[in-house]
Amino acid sequence: MAEEKELRYDPAVIEPKWQERWAADPKLYAADPITSGKPKYYVLEMLPYPSGQLHMGHVRNYSIGDALARHMWMRGYNVLHPMGWDAFGLPAENAALKNNTPPRQWTLSNIAGMKRQFGRLGMGFDWATEVTTCFPDYYRWNQWFFLRMYERGLVYRKKSKVNWCPECATVLANEQVIDGRCWRHEDTIVEQRDLEQWFFRITAYAQELLEGLDKLDGWPEKVRTMQRNWIGRSEGTEVDFFLAEDAVNAQNDDGSPKVIPAGRRIRVFTTRVDTIFGATSIQLAPEHALVTEMASNDAGLAKQVSQLLEEQKKAREAGDVGAIEKHGVPTGHFAVNPYNGERIPIWVANYILADYGTGAIMSVPGHDERDFEFATKYAIPVRRVIAPANPVAEETALPFTTEDGVLVNSGEYNGLGYAEATRRLQEAAVRGGFGEPKITFRIKDWGVSRQRYWGTPIPMIHCERDGIVPVPDEQLPVILPDNVEITQTGGSPLARVPEFVNVTCPKCGGPAKRETDTMDTFVDSSWYFYRYTDAHNDKAAFDSAIANYWFPIDQYIGGVEHAILHLIYSRFWTRVMRDLGMIKNDEPAEHQFSQGMVIKDGHKMSKNRGNVVSPDDMVNRYGADATRMYALFAAPPDRDLDWQEDGVAGVSRFLGRAYRLVMRYAATARAANGAIAPEPSGLSLKLLRKLHQTIAKITQDFEGRWHFNTDVAAIMELVNEIQGADAQLAAGEVPAAVLRELLTALVLLLAPFAPYLAAELWDELGGEGAVLRAPWPPSNPNLAREDELEIPVQINGKLATLVRVPAGSAPSVIEAAALADEKIKSRTAGKTIAKVIVVPGKTVNLVVK
RNA sequence: GCGGAAGUGGUGAAAUGGCAAACACACUAGCCUUAGGAGCUAGCGCCGCAAGGCUUGCGGGUUCAAGUCCCGCCUUCCGCACCA
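Values in this document were obtained by computation on a predicted structure and should not be read as measured data.

### So, the state of the cysteines
1) Next: Counted according to the given criterion, the structure contains zero disulfides.
2) Next: Distance from the sulfur of Cys 165, which forms no disulfide, to the nearest cysteine sulfur (Cys 168) is 3.6 Å.
3) Next: Residue class for Cys 165 comes out buried when judged on its relative accessible area of 0%.
4) Next: Here Cys 508 stays free of any disulfide, with the sulfur of Cys 463 as its closest cysteine sulfur at 3.6 Å.
5) Next: Cys 508 gets classed as partly exposed once you look at its relative accessible area, which sits at 29%.

Written out as structure tokens, the structure is:
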């Protein structure tokens, strides 16, 4: 009775036992020194925000990474597999408001809880290199980088329209606004405010960030495409139109003369300068400086412009700028085309964006869809200046928007094609001093000021005498004070802490005030993975030699939601550090993997929907191994995963079968002495063959295909096969040495996916040391090979029967076997076999008439 | 509108152009009993008593052979979207 009880798989007993042992061995998951001589492998999963609870998305993310890390350890690599906490951020302040708990305390207690969850899940992280971004020993380096970037002109301050989330009570970077809403509050419409802000000059690297994508073939195409779109490079020309002299003669509503001086310029950006002879109006964004000027003494215009602005704002709030109905107002002013002196009207239109290009366009309705729509509505002339290259073969109706044509009605440029015309027109602009070639990017500089408390203080001082003065390095870190009153009223909480604000100016020694905004938390996560390599360095952010050993990251794993946020900031930051001489790599990660979402009942898990599954609950009921293994088994890692609790129970039952199988024969296997026979046969061969096929499949899959769901399935098949021979095994039909090989390898194969069970069974089999460091089993191709194959025989492509032939049979042998088959004979009797296709080892197809 | 991914049993899914549905879940029947969220055996795409036929969103095509490649369309999801 006691013996039978031992055969029960009970993760609630096994898992805590190993947790304790692993916790007592802090070196278990530590990387070797960089002098180890082993090949290095840096596997990284995105660090979590310490919200208080791991969710299933985390469990999936870390199950993938941990399986990979464990596999690479077993393959003999020097593996770096670290973890940390993205510990600054707004939820801590919200919690403070709600529970009256200081953000620091709230965050640290969440970290403690989540670290316990990681421990229960059996994740193999080296906690000795843990990074917590809200600690001064980390964020001081944010400040240090900020100062270095300031010195290099990569940090600047400007007043501009910025995104303001009323819910967060702070500004957001462009990347953090999704369809006009806050990335953290999908229901909150982001407002525009004029504020003075600190910016990182990410645009200085726009071109390089774009070009780098072409070389990142270890990244998903989806992520690369999204980044390309975000950077939005566009090649074109900037051209100055002149305000026409006639404008001076115009009159205001009250009959007084207009005061706009003639001869001034309006700069437009266009990608189609070859169509400039077709420009029949100039369109300005409502917020264009010239519009403001014109409206300042024209009440009628001012009113209409504010209406256009309102329409733009509404469209932005609706998250559908593209659907706005085009409206415009003529300003009563005119501009002169510098190429032909033509005088065209200046309008203000709601479809022109102030923050792209120059906020002004030349409108060419003959060759642009939008301009055509607008011109038709307001009866602005439409003129053809591009004729199709082959007028007979092509549709010639306007608007004609392709580049593939020749210029007409364009004076001396008539007859030229797109490329040549563009080149000549650009040359003329440069010569005439009214324009030049220009590359425009959609990406904007990264606004990093946040009017919040729980973040890295910006290391700058405002002195009445000396203006902006950087905090000297030796005064770093600028410590974020405790005991700050958090309110939701907006404005930086730090501004209400006199001890923090009031300082002496480092330059003149006079009274000065500290910057009270803090940094965007995406700053923290832009470089944390470098800190892991040298987490306790108090002289530098990290040691270059160590970072250069580990970088680039071999495999980075995380959710696709960071495709253009974190992942683009990280690529920027890596280049900045490279240019500071700190590292050699251009890109942070060689391979990036975006896992699919975890969903339930067809929807993303959310509190609102009440479909959240708690990892703790799963671990309590089925154990960590079953929870993790299900996360890998239920879908390929890149696809969305539908969480079905019955599936977890199924995996748990499988682990029980594997456990009992190994336990049943552990003693026999352990007592085995001697090697397995060089040429096993019968049942031994059958089982060893299945084993080696399984090893080959899983080993190959880890190389990059990563279909861990089929790897788990393959292990299940292996267990089913061995289990199916239970009676013969019990009868001793298979030598103990073979049993030992089967069971040992099975445990090793399980180790990346079910670390607790593998550790337990490794122990039972008398394995030496940690299973984690045991060598990955090699696949023996001789044993994996089948000696007889079942070949499908088709008649006209449809399956007719199966024939057995020895492996490696010549096509003629296979053909003969197929033709000799009774079923084939009867089905082809009286018909002509026109052709026989034999694909050796695969199939035979008879073409029969 | 543009770009991308996907569409296969009741469910999650599998399949270098070569036997569609591996492995699981659910379900059905039976066995076992130490009654456990257990274990074991068998069945389980659709039609049909069977022989056999049919089946990978829809329609074409390429091929000896198509879930897989090509063309057109439909649906779902994701990203981008007056970007001049």
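Now that the structure has been shown, we can carry on.
### A word on empty space enclosed by the protein
1) Next: Under the definition given, this model contains two cavities of 30 Å³ or more.
2) Next: Taken as a whole, the largest cavity spans an internal volume of roughly 220 Å³.
3) Next: Around the largest cavity, the lining comprises 20 residues; the ones closest to its centre are Gly 89, Leu 90, Arg 450, Asp 520 and Thr 521.
4) Next: Elements that contribute at least two residues to the lining of the largest cavity include exactly α4 (90–99), β6 (170–172), β25 (518–519) and α14 (521–524).

### A short note on unusual backbone geometry
1) Next: The amide bond that connects Leu 476 to the next residue, Pro 477, takes the cis arrangement and shows omega of -5 degrees.
2) Next: Inspection of the secondary structure assignment puts Pro 477 in the loop between β22 (467–470) and α13 (498–501).
3) Next: The omega torsion of the bond from Phe 551 to Pro 552 falls at 0 degrees, within 30 degrees of zero and hence cis.
4) Next: Mapped onto the elements of the fold, Pro 552 is located in the loop between α16 (544–550) and β26 (555–559).
5) Next: In this model, Asn 483 sits at a positive phi of 55 degrees, which is unusual for a non-glycine residue.
6) Next: By the element assignment, Asn 483 lies in the loop between β22 and α13.
7) Next: The exposure class assigned to Asn 483 is exposed, which follows from its relative accessible area of 79%.
8) Next: Located in the positive-phi region is Trp 706, a residue other than glycine, with phi close to 60 degrees.
9) Next: Positionally, Trp 706 belongs in the loop between α21 (682–705) and α22 (708–724).
10) Next: On the accessibility criterion, Trp 706 (5% relative accessible area) is buried.

About the thresholds
- Residues numbered from 1 in each chain as written.
- Chains lettered and ligands numbered in written order.
- Predicted model: local features only at pLDDT ≥ 70, side-chain atom pairs only at ≥ 80, totals over all residues.
- Heavy atoms only, no water.
- Disulfide = S-S within 2.5 Å.
- Buried < 20%, exposed > 50% of the residue type's maximum accessible area, 1.4 Å probe, protein only.
- 1 Å grid on protein atoms, 1.4 Å probe; cavity = no way out; pocket = protein on both sides within 12 Å on 5 of 7 lines; lining within 4 Å.
- Points joined across faces, edges and corners; volume = space filled by probe spheres on them.
- Helix = DSSP H or I, 4+ residues; strand = E, 2+ residues; numbered from the N terminus.

Everything listed here is a matter of coordinates, which is why it stays silent on function.
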